[in-house]
Amino acid sequence: MKNNQTESLSTSPMVHVVDDDEAVLDAVGMLLDSIGQRNTCYKDAQVFLEAYNSADFDNHNGCIMLDMRMPVISGIECQHRLEQMGCSMPIIFVTGHGDVPTAVEAMKQGAIEFIQKPFREQQLIDAIQKALQINLKSQKRIEKVQETQAKLKLLTNREVQILEAVVSGKANKVIAIELHLSQRTVEIHRAHVMEKMGVKSLAELVKIVIDASPTE
């Protein structure tokens, strides 16, 4: 396995290649090296899961290429464990077996591609580029949510009350009555909220707050 250090979201993404076939690891590693794509190779799923669990690398920035059929821990089982660990990196499954039901299960669990061996180099490159684009969009959304959550912490208790009421669709007059404030006071608090949240419209305010809200 190639050594690497923990990376920040600002670094170029890493492709994690997990396959028990050393010839495949060497070939894919050389292919990715040839196009300047950072990559790390693992001889089995257990080694990869241990690296992921110990935060040997950025657990968000990149994608995973998983062999479907591996001893001890299969690709599907590895996918399940990664999901339990909160992994959000896109997964590309590669297999030498035309196992359609397994492929369907993998896709239902969130895999973005399923490639059969032997595969064409360009086919794999295209799949990896697709996965990295999906990952990039996901990371941008995560960063936006983190920014919003940081701004929310700057609000006073009263501003939080006003914000919650505004997001729920209540008019200033209604908010004023419920909080025993003047309508003018509500308007002032609302203006402060929008300024602190860095938005210029009510629609934008509602959207970023909803997007940053925890999902079930």
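As the structure is a prediction and not an experimental result, all values here were calculated from the model.

*Asks:* How should I be thinking about the overall build of the protein chain in this particular structure?
*Replies:* Helix and strand counts for the protein chain stand at nine helices and five strands. In terms of overall size, the protein chain is more extended than a compact globule, its C-alpha atoms giving a radius of gyration of 23 Å where 216 residues would be expected to give roughly 17 Å. Along the longest, intermediate and shortest principal axes, the C-alpha atoms of the protein chain span 75 × 35 × 30 Å. Here the analysis covers contacts within the protein chain between residues at least 6 apart in sequence; of these, 65% occur between residues at least 24 apart. As presented, the protein chain carries roughly 12200 Å² of accessible surface, and 52% of it is formed by carbon and sulfur atoms. Between the mean site of the 23 positive side-chain charges and the mean site of the 29 negative ones, the protein chain shows a separation of 11 Å.

*Asks:* When you look at the side chain of Gln37 in this model, what are you seeing that I'm missing?
*Replies:* With respect to the helices, strands and loops of the structure, Gln37 is situated in the loop between helix H1 (22–34) and strand S2 (39–42). On the basis of relative accessibility, which here comes to 15%, the residue Gln37 falls in the buried class. Separated by 2.9 Å, the side chain of Gln37 and the backbone oxygen of Pro13 make a polar contact. Residues contacting Gln37, with those up to four places away along its chain left out, are Pro13, Met14, Val15, Leu32 and Leu132.

*Asks:* Any chance you could explain the confidence of the model for the protein chain here in plain terms?
*Replies:* Detailed conclusions should not be drawn from predicted coordinates in areas where pLDDT is low. Predicted confidence across the protein chain gives a mean pLDDT of 88, with 93% of residues reaching 70 or more. The least confident element of the protein chain, judged by mean pLDDT, is helix H4 (residues 100–108) at 76; the most confident is strand S1 (residues 14–18) at 97. Counting contacts from residues 1–9, a segment whose pLDDT is below 50, to residues more than four positions away or on other chains yields 29 contacts.

*Asks:* Sorry, what's going on with helix H7 (residues 172–179) here?
*Replies:* Residues three or four positions apart in an α-helix share a direction because the helix packs 3.6 residues into each turn. Along H7, the residues classified as buried are Asn172, Ile175 and Ala176. End-on, the buried residues of H7 take up no more than an arc of 100 degrees, which puts them together on one face. Exposed and facing more than 90 degrees away from the buried side of H7 are Lys173 and Ile177. If you follow the buried residues of H7, they end up packed against helix H6 (157–167) and helix H8 (183–197). Following H7 by one or two positions, His180 adopts a phi angle in the positive range, close to 55 degrees.

*Asks:* Would you explain unusual backbone geometry in this entry?
*Replies:* Across residues other than glycine, the phi torsion is negative in most instances, and most of the peptide bonds are trans. The amide bond that connects Lys117 to the next residue, Pro118, takes the cis arrangement and shows omega of -10 degrees. Along the chain, Pro118 falls in the loop between strand S5 (113–116) and helix H5 (121–152). Despite not being glycine, Val72 shows a phi value in the positive range, around 70 degrees. Owing to a relative accessible area of 84%, Val72 belongs among the exposed residues under this scheme.

Analysis parameters
Note on numbering: residues in each chain are counted from 1, in written sequence order. It should be noted that, the model being predicted, local features are given only for residues of pLDDT at least 70 and side-chain atom pairs only at 80 or more, the latter also being counted only at that level, while totals for whole chains, interfaces and linings use all residues. Side-chain metrics in this entry use all non-hydrogen atoms of the structure; hydrogen atoms and water are not considered. For the purposes of this entry, the term helix denotes a DSSP run of H or I that reaches at least four residues, the term strand denotes a run of E that reaches at least two, and both are numbered from the N terminus. For this measure, only C-alpha atoms enter the radius of gyration; the expected value for a globule follows 2.2 Å times N^0.38, where N is the number of residues. Note on contacts: a residue pair qualifies if any of its non-hydrogen atoms lie within 4.5 Å across the two residues. Note that accessible areas follow from Shrake-Rupley with a 1.4 Å probe, and for residues the cover is restricted to the protein chains shown. For this count, His and the chain ends are skipped, Lys and Arg are scored as positive, and Asp and Glu as negative. We put the charge of a Lys on NZ, of an Arg on CZ, of an Asp on CG and of a Glu on CD. Exposure categories follow from relative accessible area, calculated using a 1.4 Å probe and restricted to protein chains: below 20% of the type maximum is buried, above 50% is exposed, and the middle band is partly exposed. Counting of polar contacts relies on pairs of N or O atoms within 3.5 Å, with two restrictions inside protein: one atom must be capable of donating a hydrogen and the other of accepting it, and residues adjacent in sequence are counted only when both atoms are side-chain atoms. The predictor attaches a confidence to each residue, and that confidence, scored 0 to 100, is pLDDT. What the arc measures is the spread of directions leading from the helix axis to the C-beta atoms.

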